[in-house]
Each structure stands twice: as C-alpha cells, then as structure tokens.
Amino acid sequence: MPLRSNPPPARSGDPDWQVDGMRWPNREFSEFWRVGGFVWHIQRTGVGPVMLLIHGTGAATHSWAPLVTELAETYETISVDLPGHGFTHTPRAFRPTLANVSRALEHLLAELEVRPAIIVGHSAGAAIATHLAAQRNGASDMLVLINGALRPFYGMMRVIAPSMAKLASFGGIAASLVARNATRDTRVEYLVKQVGSDPDKVDVEAYARLMRCRGHIQGALRMMAHWELSNIETTCSQLELPIAFL
C-alpha cells in the first residue's frame, strides 16, 4: 500500500525522514510503501524498462543519486533502502539473511506491480541481486553486478567475522560508538574512502546522516551477522540470463 511522502514516525535511533531526510538526495522521487510488516523507502523516476538498483551494506538510496539522473530518459529506475538500512522501517523480528532479504524484495516488487528488466547490485547488493534473479526464475532480462561481494570468508575469518558482527549488532555498543564518531563529515569521508570509494560532498553528507543513527549501523551489522555466501557462486553460474561483472 503506498504511503507516498508520509512515513510513520522513526523509532529511537533510526534515521528520521522529517529530520535526516530533509536534504536527502533525490528526495522528490521518494515514496513509502507498506508491505507486510515493512514500510519501504524507495525512489522511483524515469521512463522506460524498469531497472532495480540494490545498494551495498551500510548504504542507502543515495548511492545511486547521480546514476538515476543519467538514466531517467532511458529507464524507469527503482532504488530501495534495504531492510535495516536508511529510511526503511523493518520488523524487529526480521532476520536479514540473503534468502529473507531477497524474499522481502520480491514481495515489494509484487506490490509495486513491476517487472525489473535489469537488476543492478553493488557490493553486498550484488549477492542479493543474484539471489533475487534466481528466485524470479528468469523473469528479468539482465543482471549487472558492480564490485560484487560474492565470495565467503575463508578459514578462521569464516567463523570470526559473522560472530563479531552478531555480537556487535545485538549489543548495540559498536553502533553507538560509530554514531558518536560520525559527528564530523571529515571522519565519515575518511572511513568511506578506506573501503575504496571516492565520495563527493553530497554522498559524504548522506553517509554522515546515516552513520549518526545507531539504528542504521545496527541494521548493517545485523545483515553482516546473518550473511551466508557459500552457495552464491553456484547460484550465479546457473542463471540463464546475461550477467555483467563490473
């Protein structure tokens, strides 16, 4: 059910659309949709075949802001805030496994009554895009994976990394520390650059707003804690559609 520009009040610690969203990139394209227990924040613009854009861990719709402007005359783009990220309101009991996130996106697409001709995923969003494409049984025409995080941790890190993320996400201490250290945009810019990005001023400001909200940080950590990629390469190799790896 569409709510358009009237999302419910933010929970304590979550990004608040009436505060953090006031200068959000491409705010004029934002819509809120209630599907099941979710209230999804999406941005939709352009005309043509539908292109679904799925961001990576810790990001939100702002990741795609410059791209959707370029694509507006050729595609209808739909970008989403993933569960636990940005301005999407997520049920407390939701477990953000790869399968669960993909299934939730499938329900959103059904409510929107759209068929993405192209699914684009960045970083962890590439794994979600791959799983979603497989789940849709060839209903899309093409998959585009940008810097896809498609390989699981190996050795001891396979045990340590999810365990640390799980401990951090449920304790809330790590999220509070990150939020406290994101008071300056320069610190946020440094952190984002450490993972290989080259953000502009608008991107840094958007990341800074999100990283000051412990709910967003905790949502990203929870997704990392439930991440399991052991079968994703097999899933990718079995897809019967063109895949572009960028």
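A brief structural summary. Bear in mind that the values here come from a model prediction, so they are computed numbers and not experimental data. (Residues numbered from 1 in each chain as written. Predicted model: local features only at pLDDT ≥ 70, side-chain atom pairs only at ≥ 80, totals over all residues. Heavy atoms only, no water.)

**Considering the overall build of the chain**
What the chain contains, in helices and strands, is nine helices and eight strands. Going through the 246 residues of the chain one by one, you find that 52% of them count as buried. Carbon and sulfur atoms provide 55% of the accessible area of the chain, an area that totals close to 12,000 Å². (Helix = DSSP H or I, 4+ residues; strand = E, 2+ residues; numbered from the N terminus. Buried < 20%, exposed > 50% of the residue type's maximum accessible area, 1.4 Å probe, protein only. Areas by Shrake-Rupley, 256 points an atom, 1.4 Å probe, with all protein chains shown as cover.)

**A few points about the environment of Asp-14**
Relative to the helices and strands, Asp-14 resides in the loop between strand S1 (2-4) and strand S2 (30-35). Look past the residues within four positions of Asp-14 in its chain and what remains in contact with it is Asp-20, Cys-213 and Gly-215. (Contact = heavy atoms within 4.5 Å.)

**A look at the packing of helix H2 (residues 98-112) against helix H3 (residues 124-135)**
Close contact between H2 and H3 brings their axes to 9 Å; oriented N to C, the two are set at 60 degrees. As H2 packs across H3, the resulting crossing turns out to be right-handed. Listed contacts from H3 to Leu-98, Ala-99, Val-101, Ser-102, Arg-103, Leu-105, Glu-106 and Leu-109 of H2 are Ala-127, Ile-128, His-131, Leu-132 and Gln-135. A per-class count over the contact of H2 with H3 returns eight nonpolar, three polar and two charged. (Axes fitted to C-alpha atoms, helices over the stretch in contact; angles between N-to-C directions. Left-handed = near helix turned anticlockwise from the far one by under 90°. Nonpolar A, V, L, I, M, F, W, Y, C, P; charged D, E, K, R; others polar.)

**So, the side chain of Gln-43**
Counting through the fold element by element, Gln-43 comes out in strand S3 (residues 38-46). With relative accessibility at 4%, the residue Gln-43 sits in the buried group. A distance of 3.0 Å separates a polar side-chain atom of Gln-43 from the backbone oxygen of Pro-25. Within the structure, Gln-43 has its side chain in polar contact with the side chain of Ser-30 (distance 3.0 Å). Discounting chain neighbours no more than four positions away, the residues touching Gln-43 are Trp-24, Pro-25, Asn-26, Arg-27, Phe-29, Ser-30, Thr-61, Thr-77, Ile-78 and Ser-79. (Polar contact = N/O pair within 3.5 Å; in protein donor to acceptor, adjacent residues only side chain to side chain.)

**Concerning the nonpolar core**
If you look at the biggest cluster of nonpolar residues, it comprises 38 residues, and the most contacted ones within it are Ile-54, Leu-105 and Leu-108. Counting only elements with at least two residues in this core, the list comes to S2, S3, strand S4 (50-54), strand S5 (76-80), H2, H3, strand S7 (142-146) and helix H9 (232-238). Ignoring sequence-local partners within four residues, the contact set of Leu-108 consists of Trp-33, Val-35, Trp-40, Ile-42 and Val-80. (Core = buried A, V, L, I, M, F, W, Y, C linked by side-chain atoms within 4.5 Å.)

**A short note on the packing of aromatic side chains**
The full count for this structure, using the stated rule, is five aromatic pairs. Considering the side-chain rings of Trp-17 and Phe-32, the 5.2 Å spacing of their centres and the 75 degrees angle between planes classify their relative orientation as edge-to-face. Taken together, the residues Trp-17 in the loop between S1 and S2 and Phe-32 in strand S2 connect sequence positions 15 residues apart. The buried category is assigned to Trp-17, whose relative accessible area is 5%. With a centroid separation of 5.0 Å and an interplanar angle of 85 degrees, the aromatic rings of Trp-24 and Phe-87 are classed as edge-to-face. Of the two residues, Trp-24 sits in the loop between S1 and S2 while Phe-87 sits in the loop between S5 and H2, which places them 63 residues apart along the sequence. Overall, the relative accessible area of 3% leaves Trp-24 in the buried class. Judged by its relative accessible area of 2%, Phe-87 is buried. Among the aromatic side chains, those forming a connected cluster through ring pairs are Trp-17, Trp-24, Phe-32 and Phe-87. (Phe/Tyr/Trp six-rings, centres within 6.5 Å; stacked < 30°, edge-to-face > 60°.)

**Things to note about the pattern of salt bridges**
Following the criterion strictly, the structure yields six salt bridges and no others. A salt bridge links Glu-106 to Arg-136, with the nearest nitrogen and oxygen atoms 3.4 Å apart. Within this pair, whereas Glu-106 is found in helix H2, its partner Arg-136 is found in the loop between H3 and S7, the two being separated by 30 residues in sequence. The exposure class of Arg-136 is buried, given its relative accessible area of 12%. (Salt bridge = Lys/Arg side-chain N within 4 Å of Asp/Glu carboxyl O.)

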